[in-house]
Amino acid sequence: MASIETVLPGSTVRTTLGSLGAAGVYLIRSGEDRILYDTGHPGRKKILFREMGKLKINFKDVNYVVISHLHWDHALNVSLFNSSKIIIDKKELEEDSEDEYPRVSLLSDYIRQLDVRYVSNGTKIADANEVSVISSPGHTAGHISLAVRTGEAVDIITGDSLPNARAMHRGEPDLIFFDKRAAINSVKAILSYKPGIIYPGHDSPFSLEPQLTYLSEIKFGVTYRTEGEEDYDVVFSREPSKKSYF
Ligand SMILES: [Zn+2]
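Let me sum up the structure you'll find in this document.

**Re the sheet that holds strand S14 (residues 206-207)**
Now for step 1: Taken in spatial order, the seven strands line up as S9-S10-S11-S12-S13-S14-S15 in an open sheet, and their pairing is mixed. The open sheet has two free edges, formed respectively by strand S9 (124-125) and strand S15 (213-214), since each of these has just one partner strand.
Now for step 2: Strand direction decides the pairing type here: S14 and S15, joined by two bridges, are antiparallel. Looking at the pairing, Phe206 lines up with Tyr214 of S15.

In structure tokens:
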């Protein structure tokens, strides 16, 4: 059976300095295949190397890199995987989303030159037939998620079609750059699988039954460095917040 591990945790963090862009990066082991879902951005490259090392995965061991969509926080480290097959929906390269991020046309052009396999809803990835594509547009035009058979249950890696648990409660993602109706239908399509565990784009993995439960503690630190002075560390851990400050 296939397994899923978190390589880089995803989170939805807003700061007065802008977005940290912490998209979830996940590794699937299926038979002999090693599939990476999303890559993160260059600001997380060092941590990506460290965590891949901990999982004893060499970058060359990754046969497939799935690009959920072309937003910078999910896709920019694709340049580290030039011996992998790149899995993407062609619509993501061709159709414009109404996008507050600049369209990453350089990234589209770069990806077209790689060993690309274009996929659509239901396409199986890897040999063991345990991993298949769920087309989940709305957030962007060609967004894709993955259904992974990990045992009796099917777990789903959702990307930004279902970026966090809050989006699940609302029935739509926080940010929609392409089509609201499609985004709502994508959430319905994902939930119709009755997933055991959801691995979201910007949150920690959670199970849905008997109630929504996070599988791990949420905790991360920020260090503020000042020249010639002491560093200032702040550690965040999961406590419900009554109020959003940003
Ligand atoms: Zn996105």
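Here the narrative resumes, following the displayed structure.
**Concerning the environment of Lys90**
Now for step 1: Along the chain, Lys90 turns up in helix H3 (residues 90-94).
Now for step 2: You can call Lys90 partly exposed: it has 14 C-beta atoms within 10 Å.
Now for step 3: Ignoring anything within four residues of it in the chain, the contact list for Lys90 reads Tyr118 and Gly142.

**Let's talk about the pairing of strand S4 (residues 25-30)**
Looking down a regular strand, the side chains alternate between one sheet face and the other.
Now for step 1: Burial runs high along S4: five of the six residues are buried.
Now for step 2: As paired elements, S4 and strand S5 (residues 33-37) share five bridges and run antiparallel to each other. Counterpart to Tyr26 in the pairing with S5 is Tyr37.

**Notes on unusual backbone geometry**
Now for step 1: Glu209 connects to Pro210 through a cis peptide bond whose omega is 0°.
Now for step 2: Its location among the elements puts Pro210 in the loop between S14 and S15.
Now for step 3: Non-glycine residue Asn129 carries a positive phi angle of around 60°.
Now for step 4: Looking at the secondary structure, you find Asn129 in the loop between S9 and strand S10 (131-135).
Now for step 5: A residue is classified by how many C-beta atoms lie within 10 Å of it, and Asn129, with 12 of them, is exposed.
Now for step 6: One non-glycine residue with positive phi stands out, namely Lys194, at about 50°.

**Focus: the sheet that holds S4**
Now for step 1: Read from one edge of the open sheet, six strands run S1-S4-S5-S6-S7-S8, paired in mixed fashion. Because the sheet does not close on itself, it has two edges, and the strands there are strand S1 (3-8) and strand S8 (116-118). Direction aside, the axes of adjacent strands within the sheet are offset by 25° on average.
Now for step 2: Strands in contact with helix H1 (residues 45-54) are S1 and S4; relative to S1, the strand with the most contacts, it is inclined by about 145°.

**Considering helix H6 (residues 180-191)**
Every α-helix winds through 3.6 residues per turn, so residues three or four apart in the chain are directed the same way.
Now for step 1: Between its first and last C-alpha, H6 extends 17 Å over twelve residues, near the 16 Å set by a 1.5 Å rise per residue.
Now for step 2: Contacts from the buried residues of H6 go to S10, strand S11 (144-149) and strand S12 (154-159).

**Comments concerning the pairing of S12**
Now for step 1: In terms of residue burial, S12 counts as a mostly covered element, since five of its six residues are buried.
Now for step 2: Pairing of S11 with S12, which is carried by four bridges, proceeds in the antiparallel orientation. Along S12, the bridge assignment pairs Leu146 with Ile157.
Now for step 3: The antiparallel pairing of S11 with S12 creates a hairpin that spans four residues between the two strands, and Gly151 there sits at a positive phi of about 160°.
Now for step 4: When S12 meets strand S13 (residues 197-200), the two strands line up parallel, connected through three bridges. Within S13, the position partnered with Gly159 by the bridge is Pro200.

Reading the values: rules and limits
As a convention, each chain's residues are numbered from 1 in the sequence order in which they are written. Predicted model: local features are reported for residues with pLDDT of at least 70 only, side-chain atom pairs are reported and counted for 80 or more only, and whole-chain, interface and lining totals are derived from all residues. Strand pairing is assigned whenever DSSP detects at least two bridges linking the two strands. For the purposes of this entry, the term helix denotes a DSSP run of H or I that reaches at least four residues, the term strand denotes a run of E that reaches at least two, and both are numbered from the N terminus. Three classes are used. A residue is buried when 20 or more other C-beta atoms lie within 10 Å of its own, exposed when 12 or fewer do, and partly exposed in between, with C-beta atoms placed from the backbone. Each residue gets a C-beta atom placed from its backbone, and two residues are in contact if those atoms lie within 7 Å. For every element, the axis is a line fit to its C-alpha atoms; helices are fit only across the contacting stretch, and the angle between N-to-C directions ranges from 0 to 180 degrees. A helix is expected to reach a length of 1.5 Å times the quantity of its residues less one.

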